[in-house]
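Now for the letters of each chain:
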Amino acid sequence: MRKLLFCIVALASLHGFAQSSAAGKSYEMEMEQEKLSCFIEFINSDDYFIEVSSQETDDIVYVVVLSYGKYNIEDGRVVLKDALHDYQMEMVLADETLLIQKGFGFMKGKCFMFPEASYRTDIPGIDENINKANIQEERNRYNVQNKELHNLTYGRYKALKFAFDLAVDENNTYCFGFRDCPLSTGTFKRNGNVLNLYDPSLDCTFYLLIGDDNSLISKSLPGSNGNLFKMISIPSSQQPQTGGFGCSRRK
């Protein structure tokens, strides 16, 4: 009995040691876009968040929290579970570097490096009243209240808040981006006046509500819950095919 108890305590200690190897640290991932930065913050031994920031001017920075939730480290394998959508991201922790195995599409083939002490004690800008169940209820209620199908116009949209862009193509593909960085790309299906957007990189479905005035409402895309998108261009069938948002490499 004592031997079994010792083994349980030892395993718990090893788990705690693994968690503490990242707890309280901030890692950075180099972005292709010159003014963008991406960070992952392990604010304690349980909670993480990932943010992308845009240096607009010398004293103005836009910050978008893409994902937040719980994480676990075991044998160098880091598993992050998003609190809002339940998708998982996976990384390998080796020599103070996080090698990305599964994550957002723009993270493919990259890694988080240069760990520093994190000054964060909580997740910024999170509304605890927004959760998966509430968002699903909003979508269902929207379809009940809007039984007549709204017109879905293909083309490019821009959010009225922050620098988000959205391309919806007639071949049932989409691309959602922030400051020329494609955050989520994939395919969509229509369910009444709701668009189900499937992102294969995350193996997750995001949602848009179709408005009656060439508008789309996020419910919810990464970092963009409730954002209203308005049409800004002619349908994509009259433009070059969308291959994602433009990228400019750092010099």
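Refer to the structure presented above.
Below you will find a few notes about this structure.

Cut-offs and rules
Residues numbered from 1 in each chain as written. Predicted model: local features only at pLDDT ≥ 70, side-chain atom pairs only at ≥ 80, totals over all residues. Heavy atoms only, no water. Phe/Tyr/Trp six-rings, centres within 6.5 Å; stacked < 30°, edge-to-face > 60°. Helix = DSSP H or I, 4+ residues; strand = E, 2+ residues; numbered from the N terminus. Buried < 20%, exposed > 50% of the residue type's maximum accessible area, 1.4 Å probe, protein only. Expected span 1.5 Å × (residues − 1). Arc of directions from axis to C-beta. Contact = heavy atoms within 4.5 Å. Polar contact = N/O pair within 3.5 Å; in protein donor to acceptor, adjacent residues only side chain to side chain. Salt bridge = Lys/Arg side-chain N within 4 Å of Asp/Glu carboxyl O. Pairing = 2+ DSSP bridges. Axes fitted to C-alpha atoms, helices over the stretch in contact; angles between N-to-C directions.

### Describing the packing of aromatic side chains
Then, in step 1: All chains considered together, the criterion is met by eight aromatic pairs.
Then, in step 2: Arranged with centres 6.0 Å apart and planes meeting at 85 degrees, the rings of tyrosine 27 and phenylalanine 42 form a pair that is edge-to-face. Linking tyrosine 27 in strand β1 (residues 25-29) with phenylalanine 42 in strand β2 (residues 36-42), this pair joins segments that are 15 residues apart in sequence. With respect to burial, tyrosine 27 and phenylalanine 42 carry one shared label: buried.

### Some details on helix α2 (residues 132-145)
Then, in step 1: Compared with an ideal rise of 1.5 Å per residue, which puts 14 residues at 20 Å, α2 spans 20 Å between its outermost C-alpha atoms and is within 8% of the ideal.
Then, in step 2: Residues Ile135, Arg139, Tyr142 and Asn143 constitute the buried set of α2. For α2, the buried positions fall inside an angular range of 95 degrees around the axis, keeping them on one side. Exposed residues pointing more than 90 degrees away from the buried face of α2 are listed as Ala133, Val144 and Gln145.
Then, in step 3: In this structure, the buried residues of α2 make contact with β12 (181-191), β13 (194-199) and β14 (204-210).
Then, in step 4: Where α2 begins, one side-chain oxygen reaches toward the backbone nitrogen of alanine 133, 3.2 Å away; that side chain belongs to asparagine 131.

### Considering the pattern of salt bridges
Then, in step 1: Counted according to the given criterion, the structure contains nine salt bridges.
Then, in step 2: Note that lysine 25 and glutamate 96 form a salt bridge whose closest N and O atoms lie 3.2 Å from each other. One end of the pair, lysine 25, is in strand β1; the other, glutamate 96, is in the loop between β6 (88-94) and β7 (97-102), and 71 residues separate them in sequence.
Then, in step 3: Owing to a relative accessible area of 39%, glutamate 96 belongs among the partly exposed residues under this scheme.
Then, in step 4: One salt bridge connects lysine 219 with glutamate 138, and the closest N-O pair in it is separated by 2.7 Å. Separated by 81 residues along the polypeptide, lysine 219 in the loop between β15 (215-218) and β16 (228-231) and glutamate 138 in helix α2 bring together distant segments of the chain.
Then, in step 5: Given the relative accessible area of 27%, glutamate 138 is considered partly exposed.

### Examining the sheet that holds β13
Then, in step 1: With respect to topology, eight strands assemble into a closed barrel ordered β9-β10-β11-β12-β13-β14-β15-β16, the strand pairing being antiparallel. Within this sheet the neighbouring strands show an average axis-to-axis angle of 30 degrees, counted without direction.
Then, in step 2: Here three bridges tie β14 to β15, and the two strands are oriented antiparallel to one another. Looking at the pairing, isoleucine 210 lines up with leucine 216 of β15.
Then, in step 3: Against the sheet, α2 touches β12, β13 and β14, its axis set at about 35 degrees to β14.

### Regarding the sheet that holds β7
Then, in step 1: Read once around its circumference, the closed barrel built from eight strands follows the order β1-β2-β3-β4-β5-β6-β7-β8, with strand pairing classed as antiparallel. The average angle at which neighbouring strand axes cross in this sheet is 35 degrees, direction not considered.
Then, in step 2: Of the strand pairs in this sheet, β1 and β2 are connected by five bridges, and their pairing is antiparallel. Bridge assignment links tyrosine 27 to a residue of β2, and that residue is isoleucine 40.

### Brief notes about the environment of serine 224
Then, in step 1: Within the element layout of this structure, serine 224 appears in the loop between β15 and β16.
Then, in step 2: Residues serine 224 and valine 64 lie 160 residues apart in sequence; the distance between their C-alpha atoms is 8.2 Å.
Then, in step 3: For serine 224, the contacting residues outside a window of four places in its chain are Phe164, Phe176, Ser218 and Phe229.

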